Amino acid sequence: MAQLICENISLGYNSKAILKKLNFKINKGEYLCIIGENGSGKTTLMKTILRLLSPLEGKIYTSDGLLPDEIGYLPQQTEVQRDFPASVKEIVLSGCQSRCGKRPFYNKEEKALALENMKKMGVFDLQNRCYRELSGGQQQRVLLARALCATQKMLLLDEPVSGLDPNATEEMYELIESLNKSGITIIMISHDVNAALKYATHILNIGKNIFFGKKEEYLELISKNTN
């Protein structure tokens, strides 16, 4: 059964569509890479899935036990965000906010979850460090730990290796792959088509020509178009 279904959706701003009649669905444990040119609507699609924006047309459903507030999100970082003056522990704990309801504090279970995810992402020893003092790779690990506090079901990642050096990039891809193998559904925007084809189970290519399907089907399509 599909966890996420996008049915005939059109996306854009101020009633102006930048992407029309898009249909796809993702099942539990799949790894979808969204590729396409700049301005094609990749980030807009992700924000629409997160209900930060409303589709101009069509509907988005969650199913198979996934609730809309159980989707973790790792957005692209801005320079201001990279300079955020908070501790690693504070940032990771903030991922538990949706679990708190109206409580103004975190309970023992949420604090334990934050510690568990810091260990999982290899930043436990950095928990008292200031976030802005960390390397780019360390910061992304912290943000992944934060996203995991919001969900153990689905992660949306917007260019998670942007600005990282080659070693940190490879480490980040391996971390994401390990999360996927643990059962977490991954939806990732990437400009790195080679990485998308290495790690993804499915590809969504948006732009003038829309493609959605298994990685193997996309490779077959590319092969036909280049021959």
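See the structure shown above.
Residues numbered from 1 in each chain as written. Predicted model: local features only at pLDDT ≥ 70, side-chain atom pairs only at ≥ 80, totals over all residues. Heavy atoms only, no water.

Draft legend 1. The sheet that holds strand E1 (residues 2-13), seen in detail. Read across the open sheet, the three strands follow the order E2-E1-E4; overall the sheet is antiparallel. The open sheet has two free edges, formed respectively by strand E2 (16-27) and strand E4 (57-62), since each of these has just one partner strand. Strand-to-strand twist across the sheet, computed as the mean angle between neighbouring axes with direction ignored, equals 15°. Here helix H1 (residues 42-49) sits on the sheet and contacts E1, E2 and E4; the angle it forms with E1, its principal contact strand, is near 125°. (Pairing = 2+ DSSP bridges. Helix = DSSP H or I, 4+ residues; strand = E, 2+ residues; numbered from the N terminus. Axes fitted to C-alpha atoms, helices over the stretch in contact; angles between N-to-C directions. Contact = heavy atoms within 4.5 Å.)

Draft legend 2. Structural detail: the pairing of strand E5 (residues 71-74). Residues of E5 alternate between two faces, with Ile71 and Tyr73 on one and Gly72 and Leu74 on the opposite face, all of them buried. Pairing analysis gives four bridges linking E5 to strand E6 (residues 154-158), with the strands arranged parallel. Each bridged residue has a counterpart across the sheet, and for Gly72 the counterpart in E6 is Leu155. (Buried < 20%, exposed > 50% of the residue type's maximum accessible area, 1.4 Å probe, protein only.)

Draft legend 3. Spatial organisation of the sheet that holds strand E3 (residues 31-35). One open sheet holds the six strands; their spatial order is E5-E6-E7-E3-E8-E9, and the pairing between them is mixed. Pairing within the sheet leaves two strands with one partner each, and these edge strands are E5 and strand E9 (211-214). Adjacent strand axes in the sheet meet at a mean angle of 15°, parallel and antiparallel pairs treated alike. Of the strand pairs in this sheet, E3 and strand E8 (residues 202-205) are connected by four bridges, and their pairing is parallel. What sits directly across from Leu32, in E8, is His202. Against the sheet, helix H7 (residues 166-181) contacts E3, E6 and strand E7 (185-189), and its axis sits at roughly 150° relative to E7.

Draft legend 4. Spotlight on the packing of aromatic side chains. Per the counting criterion, the structure on display carries three aromatic pairs. Measuring from ring centre to ring centre gives 5.6 Å for Phe24 and Phe212, while their planes differ by 45°; the resulting arrangement is tilted. Taken as a pair, Phe24 in strand E2 and Phe212 in strand E9 lie far apart in primary sequence, 188 residues in all. Centroid distance Tyr173 to Tyr199: 5.3 Å. Interplanar angle 25°. Geometry classified as stacked. Residue Tyr173 is located in helix H7, and its partner Tyr199 is located in helix H8 (residues 193-199); the two are separated by 26 residues in the primary sequence. Geometry around Phe124 places Lys119 over its ring, the cationic atom sitting 5.1 Å from the centre. (Phe/Tyr/Trp six-rings, centres within 6.5 Å; stacked < 30°, edge-to-face > 60°. Lys NZ or Arg CZ within 6 Å of the ring centre and 35° of its normal.)

Draft legend 5. Structural detail: the packing of helix H6 (residues 136-150) against H7. It is at 10 Å that the axes of H6 and H7 come closest, and there the two elements cross at 15°. One finds that H6 runs roughly parallel with respect to H7. For H6 against H7, the interelement crossing comes out right-handed. Residue-level inspection shows Gly137, Gln140, Arg141, Leu144 and Leu148 of H6 in contact with H7, the latter providing Ala168, Glu171, Met172, Leu175, Ile176 and Leu179. Grouping the amino acids of the contact of H6 with H7 by side-chain chemistry returns seven nonpolar, two polar and two charged. (Parallel < 35°, antiparallel > 145°, perpendicular 65-115°, else oblique. Left-handed = near helix turned anticlockwise from the far one by under 90°. Nonpolar A, V, L, I, M, F, W, Y, C, P; charged D, E, K, R; others polar.)

Draft legend 6. Local environment of unusual backbone geometry. Backbone geometry places Arg51, a non-glycine residue, at a positive phi of 65°. Position of Arg51 among the secondary structure elements: in the loop between H1 and E4. Residue classification places Arg51 among the partly exposed positions, given a relative accessible area of 42%. The phi angle at Glu159 is positive, at roughly 50°, despite the residue not being glycine. Owing to a relative accessible area of 9%, Glu159 belongs among the buried residues under this scheme.

Bear in mind that shape data such as this cannot, by itself, settle questions of function.
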